[in-house]
Amino acid sequence: MNHLNFRIRGSGFCDFNERPCKQVFINAENIQNTATMACKIQEILDDGSVSERASMEEAVFLTINKLGCFLPDAGIKTEKSIKRFNITVTIDGHRYSNAVNMTVYDSSCQRCTWVGCRILPRTCLINNLCFQDGELNPRNNFQRIIQPSYQ
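An account of the accompanying structure is given in this report. Not measured: the values here are computed from a predicted model.

Calculation criteria
Residues numbered from 1 in each chain as written. Predicted model: local features only at pLDDT ≥ 70, side-chain atom pairs only at ≥ 80, totals over all residues. Heavy atoms only, no water. Disulfide = S-S within 2.5 Å. Helix = DSSP H or I, 4+ residues; strand = E, 2+ residues; numbered from the N terminus. Buried < 20%, exposed > 50% of the residue type's maximum accessible area, 1.4 Å probe, protein only.

Observations concerning the state of the cysteines
Then step 1. Per the counting criterion, the structure on display carries four disulfides.
Then step 2. Note on cysteine connectivity: Cys39 is disulfide-linked to Cys69, with sulfurs 1.9 Å apart. In this structure, the disulfide formed by Cys39 and Cys69 twists by about -70° around the S-S bond and is classed as left-handed. In this pair, Cys39 sits in strand β4 (residues 38-44) while Cys69 sits in strand β6 (residues 66-70), placing the two residues 30 residues apart along the sequence. For the pair formed by Cys39 and Cys69, the shared burial category is buried.
Then step 3. Among the cysteines of the protein chain that take part in disulfides, numbered as they appear in the sequence, the pairing is 1-2, 3-4, 5-8, 6-7.

Next up, the structure:
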């Protein structure tokens, strides 16, 4: 097998509010459909390093130039507002492709581009979760999120 070189189909970003972000499609050349084909998914940590923990997910052969990888639950809305994944593919179970990154995010409070992600006006992050100005704190209904106004 030659070294498999691939890229994510589309932008490499998935807005959890637009779709569930459970699968990513990969473009490559001359993909071989084998029983050992798999996707190795690792979380990219907040400091930019790649987690040692890896999730081996089934790779779905779609065409000779396209395959699908299932993503683990990103925990958007329950754990954090953004999660980045490092994805590699193997055909033989031993040699892996180049790594590409996939970003899953909550667009209700941020916009993500190749430059990075930025918080939107009238929103905030509390414990890495998105909140809108005026929203009730889900852990304490007597608290309301209030964005200070600056003049």
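Topic: unusual backbone geometry
Then step 1. In this structure, Asn127 takes a positive phi of about 50° despite not being glycine.
Then step 2. On the basis of relative accessible area, Asn127 is assigned to the exposed category, the value being 58%.
Then step 3. For Asn128, which is not glycine, the phi dihedral falls at a positive 65°.
Then step 4. Tracing the chain through its elements places Asn128 in the loop between β11 (123-126) and β12 (129-132).
Then step 5. Using a relative accessible area of 40% as the deciding quantity, one classes Asn128 as partly exposed.

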